[in-house]
Amino acid sequence: QVQLVESGGGLVQAGGSLRLSCVASGRTFSSYVMGWFRQAPGKEREFVATIGWSGNTYYADSVKDRFTISRDNAKNTVYLQMNSLKPEDTAVYYCAADRTISGALRTTVGTYAYWGQGTQVTVST
């Protein structure tokens, strides 16, 4: 069982930045593929970014060139640096994890076994 705890959310003005963190329990963090998803009120949870155990990454088009996902395996932590934030980025952001042998990145909700409780990000105009 893996437990994920997100932090770093908050209220920021449009154009500002936030860095989300997600700390995972367990001793095999380096073998997990990690992802960030978000869910706005009345909308389905959507993919934001993913990172493999080798550090390869993939982003949703809506956040490409603004958000950066990274991981520190020594700290069992994955980060999401969010720059140039827009009001439409407002959502609850969730960290997700799953074991992988192939290292393939994952972009869909159903392919992750473990989820955090979420952290609220609100971007004001």
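Everything below is about the structure shown above.
The shown structure was predicted, so the numbers you read here are calculated from the model rather than taken from an experiment. (Residues numbered from 1 in each chain as written. Predicted model: local features only at pLDDT ≥ 70, side-chain atom pairs only at ≥ 80, totals over all residues. Heavy atoms only, no water.)

Enquirer: Please provide a residue-by-residue account of the sheet that holds strand S3 (residues 18-24), values included.
Expert: The strand order across the open sheet formed by 4 strands is S1-S3-S8-S7, and the pairing between neighbours is antiparallel. In this open sheet, the two edge strands, each paired with only one partner strand, are strand S1 (4-7) and strand S7 (67-72). On average, each strand axis in the sheet is inclined to that of its neighbour by 15°, with strand direction left out of account. Where S7 lies against strand S8 (residues 77-82), 6 bridges are found, and the strand directions are antiparallel. Bridge pairing in S8 links Phe67 to Met82. (Pairing = 2+ DSSP bridges. Helix = DSSP H or I, 4+ residues; strand = E, 2+ residues; numbered from the N terminus. Axes fitted to C-alpha atoms, helices over the stretch in contact; angles between N-to-C directions.)

Enquirer: Tell me about the nonpolar core, and please be specific about residues and values.
Expert: With 35 residues, the main nonpolar core has Leu4, Met34, Trp36, Val78, Leu80, Met82 and Tyr93 as its most contacted residues. Elements supplying a minimum of two residues to this core: S3, strand S4 (32-39), strand S5 (46-51), S7, S8, strand S9 (91-99) and strand S11 (119-124). Those residues in contact with Met82 that sit more than four places away from it in its chain are Gly16, Ser17, Leu18, Leu20, Arg66, Phe67, Tyr93 and Val121. (Core = buried A, V, L, I, M, F, W, Y, C linked by side-chain atoms within 4.5 Å. Buried < 20%, exposed > 50% of the residue type's maximum accessible area, 1.4 Å probe, protein only. Contact = heavy atoms within 4.5 Å.)

Enquirer: Describe the packing of aromatic side chains, naming the residues involved and giving the relevant values.
Expert: Inspection of the entire model under this criterion finds 6 aromatic pairs. When the ring of Phe47 is compared with that of Tyr58, the centres are 6.0 Å apart and the planes differ by 20°; the resulting orientation is stacked. Within this pair, whereas Phe47 is found in strand S5, its partner Tyr58 is found in strand S6 (residues 57-59), the two being separated by 11 residues in sequence. We classify Tyr58 as partly exposed; its relative accessible area is 44%. Ring geometry for Tyr112 versus Trp115: centroids 6.1 Å apart, planes at 65°, classification edge-to-face. Among the residues examined, Tyr112 registers a relative accessible area of 5% and is labelled buried. By way of ring pairs, the aromatic residues Phe37, Phe47, Tyr58, Tyr112 and Trp115 are connected into one cluster. We note Arg45 situated over the ring of Tyr94; from NZ or CZ to the ring centre the distance is 3.6 Å. The ring of Trp115 carries the charged tip of Arg45 above its face, separated from the ring centre by 4.9 Å. (Phe/Tyr/Trp six-rings, centres within 6.5 Å; stacked < 30°, edge-to-face > 60°. Lys NZ or Arg CZ within 6 Å of the ring centre and 35° of its normal.)

Enquirer: Tell me what's going on with the pairing of S4, and back it up with residues and numbers.
Expert: Counting buried positions over the 8 residues of S4 gives 7, a clear majority of the element. Summarising the sheet, S4 and S9 pair through 8 bridges and their orientation is antiparallel. Note that in S9 the partner of Tyr32 across the bridge is Arg99. For S4 and S5, the ladder comprises 5 bridges, and the chain directions are antiparallel. In the strand pairing of S5, Trp36 is matched with Ala49. If you look at the hairpin formed by S4 and S5, you'll find 6 residues sitting between the two strands, and Gly42 has a positive phi there, around 80°.

Enquirer: Explain the side chain of Asp98 residue by residue, including any values.
Expert: Among the structural elements, Asp98 can be located in strand S9. Within the local environment of Asp98, its side chain forms a polar contact with the side chain of Arg106, the two groups lying 2.4 Å apart. Among all residues touching Asp98, those that are not within four sequence positions of it are Ser31, Tyr32, Val33, Arg106, Thr111, Tyr112, Ala113 and Tyr114. (Polar contact = N/O pair within 3.5 Å; in protein donor to acceptor, adjacent residues only side chain to side chain.)

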